[in-house]
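Chains, contacts and geometry: an overview
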Amino acid sequence: MVLVRKATPAGDEKLHASVLTAYRAYYAEHLFDQTRAFPGIPTVLAQLAAEGVRLAVLSNKSDTFTKRLVEGLLPGVPFAAVYGERPGVPRKPDPTSALGVAAELGVTPADCAFVGDTPVDMDTARNAAMYGIGVTWGFRSAEELRARGARALATTADELLAALRTARALGA
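Sequence order as written defines the numbering, with residues in each chain counted from 1. At least 70 in pLDDT is required for a residue's local features to be given in this predicted model, at least 80 for side-chain atom pairs to be given and counted, and no such filter applies to totals for whole chains, interfaces and linings, which use all residues. Hydrogens and water molecules were not included; the side-chain quantities draw on all heavy atoms of the structure.

Tracing the backbone shows Pro90 in the loop between strand S2 (79–85) and helix H5 (96–105). Between the alpha carbons of Pro90 and Asn60 there is a distance of 9.5 Å; along the sequence they are 30 residues apart. Sequence-distant contacts of Pro90, defined by excluding residues within four places in its chain, comprise Thr96 and Ser97. Each helix is a run of DSSP H or I of at least 4 residues and each strand a run of E of at least 2, with the numbering of both proceeding from the N terminus. Two residues form a contact once any of their heavy atoms are found within 4.5 Å.

This is the structure in structure tokens:
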């Protein structure tokens, strides 16, 4: 929605709604055209699940698209919760959704690691008092993630697994 607002003239709500509808229809048809799980992530998630780590996904993409992506790209991963943008729940970096996931999983925010590839994700982790781990395979640099509060950085799936294990050892 943010990109549609930026791409359409301010105040032209009719055009905004039309472009958003067209975008959603196109994205729904082409959701998996160029989207893949980052190399090694399915293995990392399987290892974490085998170790008893409770896993969740929280995205600013629509809830429907988020669930479809997770089911299609990471089948069989036992996520305890998968959420995207939902009506009535503020978007990240507001901590409401992250805190809601922690409560649903029955853990305190301090016991959670929050992995993300954007400054918004690191802001969310900080705002929710969670251990923020920045991954550099998104479109933001390590410097940006660190500047926004990443407590650890990972450039590969193996580095992410090590960072998550460190977070666990620290109580996150």
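Each reported salt bridge corresponds to a side-chain nitrogen of Lys or Arg within 4 Å of a carboxyl oxygen of Asp or Glu. Counted by the stated rule, this structure contains nine salt bridges. Across the pair Arg148 and Asp123 runs a salt bridge whose closest N-O atoms are separated by 2.6 Å. Placement of the pair is Arg148 in the loop between helix H7 (142–147) and strand S5 (152–154) and Asp123 in helix H6 (residues 119–127), with a sequence separation of 25 residues. Sharing partners across several salt bridges, the network here consists of Glu51, Arg165 and Arg168.

Glancing now at the packing of aromatic side chains. What counts as a ring pair is set by centres within 6.5 Å for rings of Phe, Tyr and Trp (its six-membered ring), and what kind of pair is set by the plane angle: stacked under 30 degrees, edge-to-face over 60, tilted for all other angles. One pass over the structure, following the stated rule, counts three aromatic pairs. Consider the rings of Tyr23 and Tyr27, whose centres lie 5.6 Å apart with planes at 15 degrees: the pair is stacked. Highlighted residues: Tyr23 and Tyr27, both in helix H2 (residues 13–30), separated by four residues, approximately one helical turn. A connected cluster of aromatic rings, assembled from ring pairs, spans Tyr23, Tyr27 and Phe65. Two thresholds decide whether a charge sits over a ring: the Lys NZ or Arg CZ must be within 6 Å of the ring centre and within 35 degrees of the ring normal. Across the ring face of Tyr83, the terminal group of Arg86 is positioned such that the distance to the ring centre comes to 4.1 Å.

This part is about helix H4 (residues 63–73). For the exposure calls, accessible area comes from a 1.4 Å probe over protein chains only, and a residue counts as buried if that area is under 20% of its type's maximum, exposed if over 50%, partly exposed in between. Among the residues making up H4, those that are buried are Asp63, Phe65, Thr66, Leu69 and Val70. Down the axis of H4, the buried side of the element spans an arc of 165 degrees, and every buried residue falls inside it. Summarising the geometry of H4, the exposed residues directed more than 90 degrees from the buried face are Thr64 and Glu71. In this structure, the buried residues of H4 make contact with H2, strand S1 (55–62) and S2. The reported arc concerns the directions from the helix axis to the C-beta atoms and nothing else.

By size, the foremost hydrophobic cluster in this structure holds 23 residues, and its most contacted members are Leu45, Phe79, Ile133 and Leu160. Taken together, the elements giving at least two residues each to this core come down to helix H3 (41–50), S1, S2, strand S4 (131–135), S5 and helix H8 (157–169). When residues of this core are assigned to their parent elements, the largest contribution, six residues, is made by H8. Residues in contact with Ile133, not counting those within four places in the same chain, are Ala113, Phe114, Val115, Gly116, Met122, Ala152, Leu160, Ala163, Leu164 and Ala167. Grouped together as the second largest cluster of nonpolar side chains are twelve residues, Ala98, Val101, Leu105 and Cys112 included. Buried residues of nine kinds, namely Ala, Val, Leu, Ile, Met, Phe, Trp, Tyr and Cys, make up a nonpolar core once their side-chain atoms join them within 4.5 Å.

S4 sits mainly inside the fold: five of its five residues count as buried. With burial as the criterion, each face of S4 is covered, one bearing Tyr131, Ile133 and Val135 and the other bearing Gly132 and Gly134. In the sheet, strand S3 (residues 113–116) pairs with S4 via four bridges, with the strands oriented parallel. If you follow Val115 over to S4, its bridge partner there is Ile133. Every crossover in which the path from the first strand over the helix to the second runs clockwise, viewed with the strands pointing away from the viewer, is termed right-handed. Viewed along the sheet, the connection from S3 through H6 into S4 turns out right-handed. Whether two strands pair comes down to DSSP finding at least two bridges between them. Across three bridges, S4 lies against S5 in parallel orientation.

Here we come to H8. In this model H8 runs 18 Å from its N-terminal to its C-terminal C-alpha over 13 residues, within 8% of the 18 Å that 1.5 Å per residue would give. Three or more residues of H8 are buried, namely Ala157, Leu160, Leu161, Ala163, Leu164 and Ala167. Each buried residue of H8 lies within a common arc of 165 degrees when the element is viewed along its axis, so the set occupies one face. Of the residues in H8, the exposed ones pointing more than 90 degrees away from the buried face are Asp158 and Ala169. Those residues of H8 that are buried lie in contact with H3, S3, S4 and S5. Downstream of H8 by a residue or two, Gly171 has a phi angle that is positive, lying close to 100 degrees. An expected span of 1.5 Å times one less than the residue number is assigned to each helix.

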